[in-house]
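Geometric and topological summary
Below, each chain spelled out in residue letters.
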Amino acid sequence: MAQTHGSKQQAQRLEQGAESLRHGAQAQSRENNVSLSTVSHADEPSQRDESSRLTVRMENTYQLGPTKPFPVATVNHILEDVLTTYLQEAQYDPEFCRQMTKTISEVIKTQVKELVIPRYKLIVIVYIGQRDDQSIVIGSRCLWNPKSDTVSSYTFKNSTFFALANVYAVYFE
Amino acid sequence: MEGYQRPCDEVGFNADEAHNIVKECVDGVLGGNDYNENNINQWTASIVEQSITHLVKLGKAYKYIVTCAVVQRSPYGFHTASSCFWDTTSDGTCTIRWENRTMNCIVNVFAVAIVL
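The name that UniProt assigns to chain B is Dynein light chain Tctex-type 3, with the source organism given as Mus musculus. You can read under Sequence similarities in the UniProt record for chain B the words "Belongs to the dynein light chain Tctex-type family."

Identification of chain A as Dynein light chain Tctex-type 5 from Mus musculus is taken from UniProt. Check the Subunit section of the UniProt entry for chain A; it says "Interacts with ZMYND10." Under the heading Sequence similarities, UniProt records this for chain A: "Belongs to the dynein light chain Tctex-type family."

1. Quick word on the overall build of chain B
Regarding its fold elements, chain B presents 2 helices and 4 strands. When the helices and strands of chain B are listed from N to C terminus, the series reads α-α-β-β-β-β. Burial analysis of chain B (116 residues in total) assigns 52% to the buried set. Sequence separation of at least 24 residues holds for 71% of the intrachain contacts in chain B that already meet a minimum separation of 6. When the accessible surface of chain B is summed, it comes to about 5,000 Å², and 46% of that surface belongs to carbon and sulfur atoms.

2. Describing the sheet that holds strand β1 (residues 62–72) of chain B
Strand pairing in a sheet takes place through backbone hydrogen bonds and is either antiparallel or parallel in direction. With antiparallel pairing, 4 strands are arranged side by side in an open sheet as β2(A)-β1(B)-β4(B)-β3(B). The open sheet has two edge strands, β2 (136–143) of chain A together with β3 (92–99) of chain B, and neither has a second partner. For this sheet the average axis-to-axis angle between neighbouring strands, irrespective of direction, equals 10°. Judged from the 11 bridges that link them, β1(B) and strand β4 (residues 103–113) of chain B form a sheet pairing that is antiparallel. Pairing of B:K63 across the sheet is with B:V112, part of β4(B). Contacting β3 and β4 of chain B, helix α1 (residues 15–30) of chain B runs over the sheet at an angle of about 30° to β3(B).

3. Details of the nonpolar core
Nonpolar side chains tend to gather and get buried jointly when the protein is soluble and globular. One finds B:F13, B:V26, B:L30, B:I47, B:C105, B:V107 and B:V109 to be the most contacted residues of the largest nonpolar core, which totals 31 residues. Contributing elements (two or more residues each) for this core: α1, α2 (40–56), β1, β3 and β4 of chain B. Considering every element that reaches this core, the biggest residue donor is α1(B), with 7 residues. Counting residues in each nonpolar core, the second largest holds 28 residues, with A:V82, A:I117, A:L122 and A:Y171 among its members.

4. Focus on the pairing of strand β4 (residues 161–171) of chain A
Residues and elements named next belong to chain A. In terms of burial, β4 is largely enclosed, as 11 of its 11 residues are buried. Where burial is concerned, the two faces of β4 agree: the one with F161, A163, A165, V167, A169 and Y171 and the one with F162, L164, N166, Y168 and V170 are both buried. Of the pairings in the sheet, the one linking strand β1 (residues 120–130) to β4 comprises 11 bridges and is antiparallel in character. Paired with K121 across the bridge in β4 is V170. Bridge count between strand β3 (residues 150–157) and β4: 8 bridges; the pairing is antiparallel.

5. Some thoughts on the packing of aromatic side chains
All names here are of chain A. Using the criterion set out here, one finds 8 aromatic pairs over all chains in the structure. Each ring, one from Y120 and one from Y171, has its centre 5.5 Å from the other, and the planes form 70°; the classification is edge-to-face. Of the two residues, Y120 sits in strand β1 while Y171 sits in strand β4, which places them 51 residues apart along the sequence. Feature note: the residues F70, Y120 and Y171 constitute an aromatic cluster, connected by ring pairs. The ring of F172 carries K121 above its face, with NZ or CZ at 3.9 Å from the centroid.

6. Focus on the confidence of the model for chain A
All names here are of chain A. Across chain A, the average pLDDT comes to 70, with 66% of residues at 70 or higher. Of all helices and strands in chain A, the one with the weakest mean pLDDT is helix α1 (residues 2–22) (36), whereas β4 scores best (90). In the model, residues 1–50 has pLDDT below 50 throughout and makes 42 contacts with residues more than four positions away in sequence or in other chains.

7. Notes on the side chain of B:N108
All names here are of chain B. Here N108 shows up in strand β4. Among the residues examined, N108 registers a relative accessible area of 6% and is labelled buried. Engagement of the side chain of N108 in a polar contact is seen with the side chain of T95, the distance being 2.9 Å.

8. Quick word on the packing of helix α2 (residues 72–87) of chain A against helix α3 (residues 94–113) of chain A
Residue and element names in this part refer to chain A. At a minimum axis separation of 10 Å, α2 and α3 run at an interaxial angle of 145°. The two elements α2 and α3 meet at a crossing, and its hand is right-handed. Where α2 abuts α3, its residues V75, I78, L79, V82, L83, Y86 and L87 lie against F96, M100, T103, I104, V107, I108, Q111 and V112. Its residues assigned to classes, the contact of α2 with α3 comprises 13 nonpolar, 2 polar and no charged.

9. A look at the environment of A:K113
Position of A:K113 relative to the elements: it lies in helix α3. Those residues in contact with A:K113 that sit more than four places away from it in its chain are A:L122 and B:F85.

Rules used in this analysis
- Residues numbered from 1 in each chain as written.
- Chains lettered and ligands numbered in written order.
- Predicted model: local features only at pLDDT ≥ 70, side-chain atom pairs only at ≥ 80, totals over all residues.
- Heavy atoms only, no water.
- UniProt positions renumbered as here; feature names shortened; annotations may be inferred.
- Helix = DSSP H or I, 4+ residues; strand = E, 2+ residues; numbered from the N terminus.
- Buried < 20%, exposed > 50% of the residue type's maximum accessible area, 1.4 Å probe, protein only.
- Contact = heavy atoms within 4.5 Å.
- Areas by Shrake-Rupley, 256 points an atom, 1.4 Å probe, with all protein chains shown as cover.
- Pairing = 2+ DSSP bridges.
- Axes fitted to C-alpha atoms, helices over the stretch in contact; angles between N-to-C directions.
- Core = buried A, V, L, I, M, F, W, Y, C linked by side-chain atoms within 4.5 Å.
- Phe/Tyr/Trp six-rings, centres within 6.5 Å; stacked < 30°, edge-to-face > 60°.
- Lys NZ or Arg CZ within 6 Å of the ring centre and 35° of its normal.
- pLDDT = per-residue confidence, 0-100.
- Polar contact = N/O pair within 3.5 Å; in protein donor to acceptor, adjacent residues only side chain to side chain.
- Left-handed = near helix turned anticlockwise from the far one by under 90°.
- Nonpolar A, V, L, I, M, F, W, Y, C, P; charged D, E, K, R; others polar.

Right, here's the structure in full:
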């Protein structure tokens, strides 16, 4: 039964691939997509609101660069404040840390937004891992304009776990 | 210019397409390997580099940010979350979770549209 199910999914995947080729860059309808990946942890799926897909046509600004550079040092300070405030006295606990990654990423995003930096899009990623006999390597690479786009990063450590927060700022011209 | 199509006419970022591309990159780099501290830096760099290279070949008007975390398999915990401030009609993200006997790999891809 599992074998049959897998085969059906495989066939659907191939069909969708062909459809993508026929339509070039056209995005497929989300409802038709079937995912083959195996998810070990149950987590809230990232559902996108359908109403948010309405395309709003706006005029070009023709402004190729930011009016003021992204304040990396200020954002670094925000990261340090948030991580220290939320995690200073904490001991590692799986449920607490799972919730804390989400809370911290939202808080950091809110505080960076309050800086009101025009035309920058923000991406905040937070990692929390237990400190013990395990090895972790985290790397990232970006395709962007190095003159206007930048990243701010901070690592917090205590005796039981570490936390790493990255803020990527991407200019939208 | 009849055939010209504005990049943002597409209905946002195709997360499943990116998911397949990145999963192939991770399989290519980590498939069949056990966790090895000597190679792990090179593997991590290869994953993000190959992922971005293949995403660029899609020829879409996006800036990409790819992050990769490779964690040795163990009883100890590891959590990650992200939060974004962008235009949901054009920008998107996808997360790939890959694991084998000795390690877990989590790759996040963020695509940010360039132009209106």
